[in-house]
Amino acid sequence: MKNFFMLLVFFAVAGSVSDVLAVDWNWKGDVMYRYQIDNPETKDNNRDSHRLRVRIGGFPVISEVLNAGIELSTGGSNPVSRMQVLGEGFTAKSFKLNQAYIDFHPMAYGLDGHVDIILGKRAVSESIIRVNDLLWDADLTMEGISLHYGKDGRKHPAGLSAVLGYYLIDESGDIENDPAFWVSQLAWNGNVDDNSFMIGAGFYNYLNIAGTNVSGWAYKDKLFNNSGTGSGTPAATLKYDYDVLEIFMHFDAGLTGKVPLKVYGQYAINVAEDVDEENKAYLFGAKLGKAAKPGRWEIDANYCYIEKDALLGAFTDGTRFGGGTDGKGFEVGGKYMLVQNLMVSLKYYNHDKGVGSEDAGEGLDIWQADVVVKF
């Protein structure tokens with residue numbers, strides 16, 4: 001609560017001087033209430049939980065060449081979830097720093113604001129090009145340096161988009177041995193008649209991962225189904241390196257009556273040395289409709305398949321098959337905008353753990369019912 005109070009004081013002070021500084025503070029926030037049912041095939045009873053997520057921040061447009069962002073959110077030490085499980089005798093829930101970044105996009109030297117240099121901690125969909133959650137959970141906020149061309153936050157204007165980034169996973173005082181990774185992505189955004197599309201590829205070059213002990217940076221010191229030695233502190237050590245090549249696309253069209261249709265897909269393979277099996281992953285799906293105005297709806301369904309060492313499991317979607325890799329299955333969900341800024345949704349996950357192991361077929365069903373307010 002102390003952090004939240006300090007943020008409110010900051011907002012109040014910032015607002016009082018906004019006219020003097022001529023800054024558009026661009027306040028944003030959202031509140032999500034979730035009821036979730038986890039139904040593992042191997043257990044007799046479900047786990048039912050009520051959860052809450054709150055995010056609030058200011059994203060000032062300081063000048064035509066400079067933006068910034070500061071955001072607090074609920075959540076604990078899990079990097080792929082900002083949800084707070086309710087209970088614990090009505091205790092106060094904590095806020096932590098979720099985003100803090102500087103975005104410099106110079107107009108000089110013929111750049112005309114098309115190149116962004118971003119420093120700090122920023123949402124994954126604004127740090128890199130992210131079509132869906134095969135590689136990265138939506139709640140993740142990356143920490144490091146990004147260089148963008150033709151990418152404006154989550155938006156990708158027509159033409160070429162390019163991303164180069166360096167992100168730090170852990171810091172031990174010796175940069176030569178710290179786990180980190182480089183990202184390089186290229187994508188083309190085009191139009192065919194009244195339809196739009198994106199097609200692109202990315203390469204994720206992880207550093208100091210093979211032989212690295214995950215204690216201290218992987219949530220609960222887990223390997224998240226990646227190959228390794230040991231199963232917990234202090235012995236959980238990753239066996240392989242991860243150099244992941246990704247190909248991604250989406251195609252947006254309108255059906256009869258102008259109902260939007262979006263088809264999307266991702267394919268990833270770990271091309272690191274000594275990894276020649278259980279190294280592939282893919283996801284494909286479609287979304288019909290768009291819940292952008294009151295009374296509008298959308299339905300989204302996809303299927304994913306992730307082999308054991310295709311991806312670094314610590315940062316993939318944290319819900320399906322309990323997070324990590326070595327699983328497959330589908331999810332289907334629907335959203336409806338009840339009134340302006342109020343969304344209700346329902347999602348169902350049906351996944352199996354262990355696609356390439358003896359536990360193949362261990363199922364996990366999850367239901368999520370959400371109410372979300374944005375402001």
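Predicted, not measured: the structure shown is a model, and the values here were computed from it.

Asks: Provide a residue-level description of the side chain of Asp139, including the pertinent values.
Replies: With respect to the helices and strands, the residue Asp139 is situated in the loop between α3 (124-127) and β8 (141-149). Ignoring sequence-local partners within four residues, the contact set of Asp139 consists of Arg53, Arg55, Pro79, Val80, Ser81 and Arg82.

Asks: Just give me the short version of the pairing of strand β10 (residues 180-192), but keep the residues and values in it.
Replies: In terms of strand pairing, strand β9 (residues 159-168) meets β10 through ten bridges, oriented antiparallel. Note that in β10 the partner of Ser161 across the bridge is Ala187. Inspection of the sheet shows β10 paired to strand β11 (residues 195-207) by 13 bridges, in the antiparallel sense. Bridge pairing in β11 links Leu186 to Ala201. Count of turn residues in the β10/β11 antiparallel hairpin: two residues, of which Asp193 carries a positive phi of about 55 degrees.

Asks: Requested: an account of unusual backbone geometry, with residues and values cited.
Replies: Positive phi outside glycine occurs at Asn208, with the angle close to 55 degrees. Assignment of secondary structure puts Asn208 in the loop between β11 and β12 (228-229). Overall, the relative accessible area of 28% leaves Asn208 in the partly exposed class. Despite not being glycine, Asp274 shows a phi value in the positive range, around 75 degrees. Inspection of the secondary structure assignment puts Asp274 in the loop between β15 (260-270) and β16 (280-289).

Asks: Talk me through the packing of aromatic side chains; I want residue IDs and the actual numbers.
Replies: Throughout the structure, instances matching the rule amount to 14 aromatic pairs. When the centroid spacing of 4.9 Å and the interplanar angle of 50 degrees are considered together, the rings of Tyr166 and Trp182 count as tilted. On the criterion of sequence distance, the pair formed by Tyr166 in strand β9 and Trp182 in strand β10 is long-range, its members being 16 residues apart. Each residue in the set Trp136, Tyr167, Phe181, Tyr204 and Tyr206 is aromatic and connected to the rest through ring pairs, giving one cluster.

Asks: Explain the nonpolar core to me, using residue names and the numbers behind them.
Replies: Among the nonpolar cores identified, the biggest contains 44 residues, and Trp136 and Tyr206 are the most heavily contacted of them. Trp136 has contacts with Val124, Ile128, Arg130, Met142, Phe181, Tyr204, Tyr206 and Phe315, leaving out every residue within four places of it along the chain. Judged by nonpolar contacts, the second largest core, of six residues, contains Met83, Ala291, Met343 and Val372.

Asks: So what's going on with a nonpolar patch on the surface? Which residues, and what values?
Replies: Taken together, the side chains of Ile102, Phe104, Ile117, Leu119, Ile145, Leu147, Leu164 and Trp182 define a hydrophobic patch exposed on the protein surface, amounting to about 680 Å² of accessible area. Where the nonpolar patch is concerned, the elements lending two or more residues are β6 (96-104), β7 (115-123) and β8.

Asks: Run through the pattern of salt bridges, naming residues and quoting values.
Replies: Under the criterion given, the structure shown has eleven salt bridges. Asp103 is the partner of Arg122 in a salt bridge, and the nearest nitrogen-oxygen pair spans 3.7 Å. Within this pair, whereas Arg122 is found in strand β7, its partner Asp103 is found in strand β6, the two being separated by 19 residues in sequence. Each member of the pair, Arg122 together with Asp103, is buried.

Asks: Pulling in residues and values, what's your account of the environment of Gly75?
Replies: Here Gly75 is to be found in the loop between β4 (66-73) and β5 (84-85). Residue class for Gly75 comes out buried when judged on its relative accessible area of 3%. C-alpha separation for the pair Gly75 and Val85, spaced ten residues apart in sequence, amounts to 8.7 Å. What Gly75 contacts, discounting residues up to four positions off in sequence, is Ser81, Arg82, Met83, Gln84, Ser94 and Lys96.

Asks: Tell me what's going on with the pairing of β16, and back it up with residues and numbers.
Replies: Here β15 runs beside β16; their pairing, made up of nine bridges, is antiparallel. Counted as the bridge partner of Lys262 is Lys287 from β16. The pairing of β16 with strand β17 (residues 297-306) spans nine bridges and is antiparallel. Within β17, the position partnered with Ala281 by the bridge is Ile306.

Asks: Go over a negative patch on the surface, please, and point to the residues and values.
Replies: On the surface, Glu273, Asp274, Asp276 and Glu277 cluster together into a negatively charged patch. Locating Glu273 in the fold gives a position in the loop between β15 and β16. Residue classification places Glu273 among the exposed residues on the basis of a relative accessible area of 68%.

Asks: Give a detailed account of the environment of Val183, specifying residues and quantitative values.
Replies: Here Val183 lies in strand β10. Judged by its relative accessible area of 1%, Val183 is buried. Taking the C-alpha atoms as reference, Val183 lies 24 Å from Asp221; in sequence the two are 38 residues apart. Ignoring anything within four residues of it in the chain, the contact list for Val183 reads Ile128, Val163, Leu164, Gly165, Tyr167, Phe203 and Tyr204.

Asks: Any details on the confidence of the model for the chain? Residues and values, ideally.
Replies: Chain-level statistics for the chain give a pLDDT mean of 89 and a share of 90% at 70 or above. Confidence over residues 12-20 falls short of pLDDT 50; this stretch has four contacts with residues more than four positions distant or in other chains.

Analysis parameters
Residues numbered from 1 in each chain as written. Predicted model: local features only at pLDDT ≥ 70, side-chain atom pairs only at ≥ 80, totals over all residues. Heavy atoms only, no water. Helix = DSSP H or I, 4+ residues; strand = E, 2+ residues; numbered from the N terminus. Contact = heavy atoms within 4.5 Å. Pairing = 2+ DSSP bridges. Buried < 20%, exposed > 50% of the residue type's maximum accessible area, 1.4 Å probe, protein only. Phe/Tyr/Trp six-rings, centres within 6.5 Å; stacked < 30°, edge-to-face > 60°. Core = buried A, V, L, I, M, F, W, Y, C linked by side-chain atoms within 4.5 Å. Patch = residues over 30% accessible without salt bridge, like charges linked within 9 Å, V, L, I, M, F, W, Y side chains within 5 Å. Areas by Shrake-Rupley, 256 points an atom, 1.4 Å probe, with all protein chains shown as cover. Salt bridge = Lys/Arg side-chain N within 4 Å of Asp/Glu carboxyl O. Lys, Arg positive; Asp, Glu negative; His and termini not counted. Charge placed at Lys NZ, Arg CZ, Asp CG, Glu CD. pLDDT = per-residue confidence, 0-100.

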